[in-house]
Amino acid sequence: MKNERSTQLFEKAKNYFPGGVNSPVRAFRSVGGTPLFIEKGKGSHIWDADGNEYIDYCCSWGPLILGHANDKVLNAVDKTMRNGTSFGAPTQLENELAELILGNNPFIEKIRFVSSGTEAVMSAVRLARGFTKRNKILKFEGCYHGHTDSLLVKAGSGLVTFGNTSSAGVPESFVNETIVVSLNNKKAVEEAFSQFHEQIACVIIEPIPANNGLLLQDRDYLQFLRDICTKNGTLLLFDEVISGFRIGFTGAAGYYNIKPDIITYGKIIGGGFPVGAYGASKEIMSCISPDGDVYQAGTLSGNPVAMSAGIAQLSECLKPNFYKDLETKTQKLVNGLSELRTNNFKLFSIGSIFWIAFTEKEKIQCAEDIDADSMKHFRTLYHNLLEKGIYTGPSGYEVGFVSEALSNEDIDRTIATFKESL
Ligand SMILES: *Cc1c(COP(=O)(O)O)cnc(C)c1O
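Residues numbered from 1 in each chain as written. Predicted model: local features only at pLDDT ≥ 70, side-chain atom pairs only at ≥ 80, totals over all residues. Heavy atoms only, no water.

*Asks:* Got a minute to help me understand the environment of glutamate 109 in this structure?
*Replies:* Following the sequence through the fold, glutamate 109 ends up in the loop between α3 (92-102) and β4 (110-114). C-alpha separation for the pair glutamate 109 and glycine 142, spaced 33 residues apart in sequence, amounts to 29 Å. With residues near it in sequence (within four places) discarded, glutamate 109 still touches Leu102, Ala280, Ser281 and Lys282. (Helix = DSSP H or I, 4+ residues; strand = E, 2+ residues; numbered from the N terminus. Contact = heavy atoms within 4.5 Å.)

Written out as structure tokens, the structure reads:
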């Protein structure tokens, strides 16, 4: 595998950007080596600056559920942008995307578009605080919610802890409003509510935690969170930036049939463009400005080009059997790979999300159950796969995504390549 050009570009980028990148995981620090500079993508494949071709299971970290450069998305974007790219005034396209979502999702009644998942979560937490007139929030170790201050916290030692900042620059006083507990632990949540029951504005969770391995929770646990929130006047916030439109059109809320009070979206919603959103009941959403006194705004919010990409992509997702076919495809891949039981290699999956792990455990449901030492196996496997034309996110804590564009041939080649590499 040649990588002269990527290496050159990376050396240059280091002069411009911290770590040579505009988002840290791209720097390949957790697997070592030089990140690939990507030149183009089509369908399930990408090509790097040295001309190497890969089957792509990163899919831009999830947004590209139809694969790269989908013709329907490209045509929609092309048509829209020829009439101008942004107005800072309402356009019909915002209505269209909202109708598409709200008309097919019984869990939210109103929505607000923003420009990233981080922004969606930040705004949703403010909304929860504004609605409940409470300050504290409860999050789970092992869930990622973007880089907003109050969520860049990790658990201390103990059942219920105020978070320690997981980033410099986050004031101690901010994280003192964030309670952190382990996933899959009812006792910790009960304990937190008994200490702070009238202070907790919201419980925020990735209902399908997929940013720190794939830590699938039991439905029973999510229902427990629903019940304890209702009992305490606390809002349940599902961060569905990954799971929304991925595990079916109605995301994890639909999959588990549990109604949260607020849902955040991102990634798939924008068809590969920067879009995030949050939605809730009419009552809760009426707190948002200009109707209510929770302020939130955005110069490029509801951007017409991004809206048309979202409309084009989500329209495909709404076609009959879209998710069923995607899951069948993923099962074929996962079953094939699961037969390769070498070195404790194992796959965890749901819908079209999969996670590669090296473990003897049959279930991994909280961050503490991931063996950090096992990541050395992932690093070795990673470079082996890369050399043979398989691209996934460059960290053993990241999940893989299957797109509609993935072919049977891709799947067969992937399984054969894993077999050699393992
Ligand atoms: C990706 C992600 C975010 C952050 O979204 P950005 O668009 O990267 O800001 C938030 N929450 C979850 C669950 C995510 O997967």
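Read on for the rest.
*Asks:* Could you clarify how one ought to interpret the sheet that holds strand β14 (residues 345-350) in this entry?
*Replies:* The pairing of strands in a sheet comes from backbone hydrogen bonds and takes either a parallel or an antiparallel form. On the basis of which strands lie adjacent, the open sheet formed by three strands has the order β14-β15-β17 and antiparallel pairing. With partners counted over all chains shown, the strands left at the sheet margins are β14 and β17 (400-401), one partner each. The sheet contact formed by strand β15 (residues 353-358) and β17 spans two bridges and is antiparallel. Following the sheet pairing, isoleucine 353 is matched in β17 by phenylalanine 401. In the packing of helix α11 (residues 322-338) onto the sheet, the strands contacted are β14 and β15, and the crossing angle to β14 comes to about 160°. Strands in contact with helix α12 (residues 375-387) are β14 and β15; relative to β15, the strand with the most contacts, it is inclined by about 115°. (Pairing = 2+ DSSP bridges. Axes fitted to C-alpha atoms, helices over the stretch in contact; angles between N-to-C directions.)

*Asks:* In this structure, what is going on with the packing of aromatic side chains? I would like to understand it.
*Replies:* One pair of aromatic rings is described through two measures. These are the centre distance and the angle between the planes. Inspection of the entire model under this criterion finds 15 aromatic pairs. An angle of 75° between the planes, with centres 5.6 Å apart, marks the rings of tyrosine 57 and phenylalanine 354 as edge-to-face. With tyrosine 57 in the loop between β3 (53-56) and α2 (71-81) and phenylalanine 354 in strand β15, the pair connects residues that are 297 residues apart, well separated along the chain. The residues tyrosine 57 and phenylalanine 354 share a single accessibility class, namely buried. (Phe/Tyr/Trp six-rings, centres within 6.5 Å; stacked < 30°, edge-to-face > 60°. Buried < 20%, exposed > 50% of the residue type's maximum accessible area, 1.4 Å probe, protein only.)

*Asks:* What am I meant to see in the nonpolar core here?
*Replies:* If you look at soluble globular proteins, the nonpolar side chains tend to sit buried side by side. One finds Phe113, Phe140 and Leu314 to be the most contacted residues of the largest nonpolar core, which totals 108 residues. Ranked by residues supplied to this core, first place goes to helix α10 (residues 304-317) with eight residues. The residues touching phenylalanine 140, leaving out its near neighbours within four places in the chain, are Val180, Val181, Ser182, Leu183, Val189, Val203, Ile204, Ile205, Tyr221 and Leu225. Counting 21 residues, the second largest nonpolar core, distinct from the first, contains Val114, Ile137, Cys202 and Leu235. (Core = buried A, V, L, I, M, F, W, Y, C linked by side-chain atoms within 4.5 Å.)

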